[in-house]
Amino acid sequence: MSGIFFSFPLAPSGNRRHGVVTALDDVSYKVEWIPQEAGEHAVDVRIFDQSVQDSPFACNVGAPEKVAVRAVPRRILTKDLHTEHSFEIDASSAGSGNLEIMINGGRVPCRVREIVNRQYKAVFTPTQSVTHTIEMRFNGEEVAGSPWHIPVEDRPERRHDATRTTSYYSELSGPGLVRAPINKTASFEITGEGLETSDIQAKIYGPDGREFPVRILPRGNGRYTAEYRIEQVSSNLITPEFK
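Computed from a predicted structure; not experimentally measured. (Residues numbered from 1 in each chain as written. Predicted model: local features only at pLDDT ≥ 70, side-chain atom pairs only at ≥ 80, totals over all residues. Heavy atoms only, no water.)

Notes on the overall build of the protein chain
Okay, step 1: Helix and strand counts for the protein chain stand at one helix and 24 strands.
Okay, step 2: The 243 residues of the protein chain split such that 34% are buried.
Okay, step 3: Sequence separation of 24 or more characterises 59% of the internal contacts of the protein chain that already satisfy a separation of 6 or more.
Okay, step 4: For the protein chain, the exposed area adds up to about 14300 Å²; of that, 48% sits on carbon and sulfur atoms. (Helix = DSSP H or I, 4+ residues; strand = E, 2+ residues; numbered from the N terminus. Buried < 20%, exposed > 50% of the residue type's maximum accessible area, 1.4 Å probe, protein only. Contact = heavy atoms within 4.5 Å. Areas by Shrake-Rupley, 256 points an atom, 1.4 Å probe, with all protein chains shown as cover.)

Here it is as structure tokens:
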């Protein structure tokens, strides 16, 4: 139907895009579009240049890869059981959506409070000497870095660690965590206070189990770039590890 026109002003920039209209039958149509940014989009549906009733419609677009998690403890000492531990979540660039946090399958309660606009502090109290696994999803999709595994240990920091600033957290960000072009370099960023090159080990596996090499490039001040190259269309597993 040539008279149907679909407009998608994208928030917050206001850029306008159009959907691809496909006829399903004589009276039904499917519209497909690819959002380019997170946030609330106003979907204006028009027939013969007239907006239909209730148009524009609000559509919230979320970007799980833009949720940044910081200050996740690297370990919990036995002497610190029954005391509060915390980590930080920055969802300010991820758009609207539901953030779900589970620790040990929901058996360990987690309290979340907003610090500033869409930036949160999550607090939990470990009571058992077992590894604590933090799982996080945004709009039902895994957040980059999830799950985090925090062991409970008796030993204090190693002597080597005591001589430098200990990295208690690492932040992963960048498009290379969720997608990569074929035969071109993809990358993501790794940030951690006191993080050293020897602390980082990143592996990428193809669906056939093949491992692709990852190059870690230091950028200074605890910042690193991980680069890799994929040679075929596939779903790949990225496993960053920190010592």
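Having put the structure on the table, let's press on.
Notes on the confidence of the model for the protein chain
When pLDDT is low, close inspection of the predicted coordinates is not appropriate.
Okay, step 1: Summing up the model confidence of the protein chain, the mean pLDDT is 79 and the portion of residues at 70 or higher is 81%.
Okay, step 2: When pLDDT is averaged over each helix and strand of the protein chain, the minimum, 46, is found for helix H1 (residues 159–162) and the maximum, 94, for strand E13 (residues 119–124).
Okay, step 3: Across residues 159–169, confidence stays below pLDDT 50; counting only partners more than four residues off in sequence or on other chains, it has 28 contacts. (pLDDT = per-residue confidence, 0-100.)

A word on the pairing of strand E19 (residues 185–191)
Within a regular beta strand, the side chains point alternately toward one face of the sheet and then the other, so they alternate between its two faces.
Okay, step 1: Where burial is concerned, the two faces of E19 differ: the one with Ala186, Phe188 and Ile190 is buried and the one with Thr185, Ser187, Glu189 and Thr191 is not.
Okay, step 2: Across three bridges, the pairing between strand E18 (residues 171–173) and E19 is antiparallel. Each residue of the ladder has a partner; that of Glu171, found in E19, is Thr191.
Okay, step 3: Of the strand pairs in this sheet, E19 and strand E23 (residues 223–229) are connected by seven bridges, and their pairing is antiparallel. Considered in E23, the bridge of Thr185 is made with Arg229. (Pairing = 2+ DSSP bridges.)

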